[in-house]
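Read off the chains here:
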Amino acid sequence: MALEHALLVALSERPASGLELTRRFEKSLGFFWHATHQQIYRVLARMESDGWVTVEVVEQDGRPDKRVHTPSAEGSRVLAEWLATPMPVEAFRSEVAVKLRGAAYGDRAQLTRNLLAARADHATRLAQYEQMEREQFPDPAGLDAALRDRWLVLRGGIRMERFWIEWITEYLDAHAKGNDGEAPA
């Protein structure tokens, strides 16, 4: 997936300026696709030159004019075409998995500390996702199709965070029982 597709999805949900898109990436989209504000602005400029977005200049008092981006007919066509292409099977590619596999060849105590920190980070993100779900989707049965899609992606994020917490816990517990010197906290 290219950043262009993530931006077309975001702009289809709601037209936005580059700054607004950056903030949305920080709050929700960024949980699933990371992009810096420089990348967002660079790709928006390319999408505008390619005719994928239109730009409306909105005057602001005391601030520079705001450029609000909206998918053009061509951008909507590109997005629909991309959505219709078959999805590749996502391979499990993880630096964590390689480190776990190679743990016996390095500093297991430091790896354990890193895993405890990673598990805490995943627990924090899980709590954020669950709070977002409670606040944004209190009645999932009443959602329209677009909001249901957002809710289901958030549910996928919740499941992914639970996976990481459970897997890290299983690994730490197995080594605590194996008595190899490091017991998880």
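Computed from a predicted model, the values in this text were never measured in an experiment.

**Side note on helix α1 (residues 3-13)**
Counting buried residues along α1, 8 of its 11 residues qualify, which places the element largely inside the surrounding structure. Among all positions of α1, only Leu 3, Glu 4, His 5, Ala 6, Leu 7, Leu 8, Ala 10 and Leu 11 are buried. On its buried side, α1 packs onto α2 (18-27), α3 (37-49), β1 (53-60), β2 (63-71) and α4 (73-84).

**Examining the pairing of β2**
On a regular strand, each side chain points to the face opposite its neighbour's, so the side chains alternate between the two faces of the sheet. Across 7 bridges, β1 lies against β2 in antiparallel orientation. Residue pairing across strands places Glu 56 opposite Val 68, the latter belonging to β2.

**Here's the deal with the nonpolar core**
Within the largest apolar cluster, 18 residues are counted, with the highest numbers of intra-cluster contacts made by Leu 3, Leu 7, Leu 8, Leu 21, Phe 25, Ile 40 and Met 47. At the level of secondary structure, the elements contributing two or more residues to this core comprise α1, α2, α3 and α4. Counting residues in hydrophobic clusters, the runner-up holds 9 residues, among them Tyr 129, Phe 137, Trp 151 and Ile 158.

**Comments concerning the packing of aromatic side chains**
Taken as a whole and assessed by the stated rule, the structure comprises 3 aromatic pairs. Between the aromatic rings of Phe 163 and Trp 164, the centroid separation amounts to 5.2 Å while the plane-to-plane angle is 65°, which identifies the pairing as edge-to-face. You can call Phe 163 partly exposed: its relative accessible area is 32%. Judged by relative accessible area, Trp 164 falls into the buried class, the value being 15%.

**Notes on the pattern of salt bridges**
Inspection of the entire model under this criterion finds 11 salt bridges. As a salt-bridge pair, Glu 81 and Arg 77 come within 2.8 Å of each other at their nearest N and O atoms. One end of the pair, Glu 81, and the other, Arg 77, are both in helix α4, 4 residues apart, so they sit about a helical turn from each other. Of the residues examined, Arg 77 reaches a relative accessible area of 39% and is grouped as partly exposed. In this structure, Glu 133 and Arg 155 form a salt bridge, with 3.2 Å as the shortest nitrogen-oxygen distance.

**Notes on the side chain of Ser 72**
Its location among the elements puts Ser 72 in the loop between β2 and α4. Look past the residues within four positions of Ser 72 in its chain and what remains in contact with it is Gly 51, Trp 52, Val 53 and Thr 54.

**Focus on the UniProt feature "domain: Transcription regulator PadR C-terminal" (unreviewed entry) in the protein chain**
UniProt annotation of "domain: Transcription regulator PadR C-terminal" (unreviewed entry) refers to residues 93-174 when read in the numbering used here. Structurally, residues 93-174 is divided into 80% helix and 0% strand, and its ends, taken at the C-alpha atoms, are 22 Å apart.

**Details of the side chain of Glu 133**
By the element assignment, Glu 133 lies in helix α6 (residues 108-136). For Glu 133, a relative accessible area of 15% puts it in the buried group. Of the polar contacts made by the side chain of Glu 133, one reaches the side chain of Arg 155; its length is 3.2 Å. Excluding residues within four positions of it along the chain, Glu 133 makes contact with Pro 138, Trp 151, Leu 154, Arg 155 and Ile 158.

**Some points on a nonpolar patch on the surface**
Taken together, the side chains of Phe 92, Met 160 and Phe 163 define a hydrophobic patch exposed on the protein surface, amounting to about 300 Å² of accessible area. Its place among the elements puts Met 160 in helix α7 (residues 145-177). The exposure class assigned to Met 160 is partly exposed, which follows from its relative accessible area of 45%.

**Quick look at the environment of Gln 131**
Among the secondary structure elements, Gln 131 is positioned in helix α6. Residue Gln 131 is classed as partly exposed on the basis of its relative accessible area, which comes to 38%. Taking the C-alpha atoms as reference points, Gln 131 and Arg 24, separated by 107 residues in sequence, lie 17 Å from one another.

Criteria and thresholds
- Residues numbered from 1 in each chain as written.
- Predicted model: local features only at pLDDT ≥ 70, side-chain atom pairs only at ≥ 80, totals over all residues.
- Heavy atoms only, no water.
- Buried < 20%, exposed > 50% of the residue type's maximum accessible area, 1.4 Å probe, protein only.
- Helix = DSSP H or I, 4+ residues; strand = E, 2+ residues; numbered from the N terminus.
- Contact = heavy atoms within 4.5 Å.
- Pairing = 2+ DSSP bridges.
- Core = buried A, V, L, I, M, F, W, Y, C linked by side-chain atoms within 4.5 Å.
- Phe/Tyr/Trp six-rings, centres within 6.5 Å; stacked < 30°, edge-to-face > 60°.
- Salt bridge = Lys/Arg side-chain N within 4 Å of Asp/Glu carboxyl O.
- UniProt positions renumbered as here; feature names shortened; annotations may be inferred.
- Polar contact = N/O pair within 3.5 Å; in protein donor to acceptor, adjacent residues only side chain to side chain.
- Patch = residues over 30% accessible without salt bridge, like charges linked within 9 Å, V, L, I, M, F, W, Y side chains within 5 Å.
- Areas by Shrake-Rupley, 256 points an atom, 1.4 Å probe, with all protein chains shown as cover.

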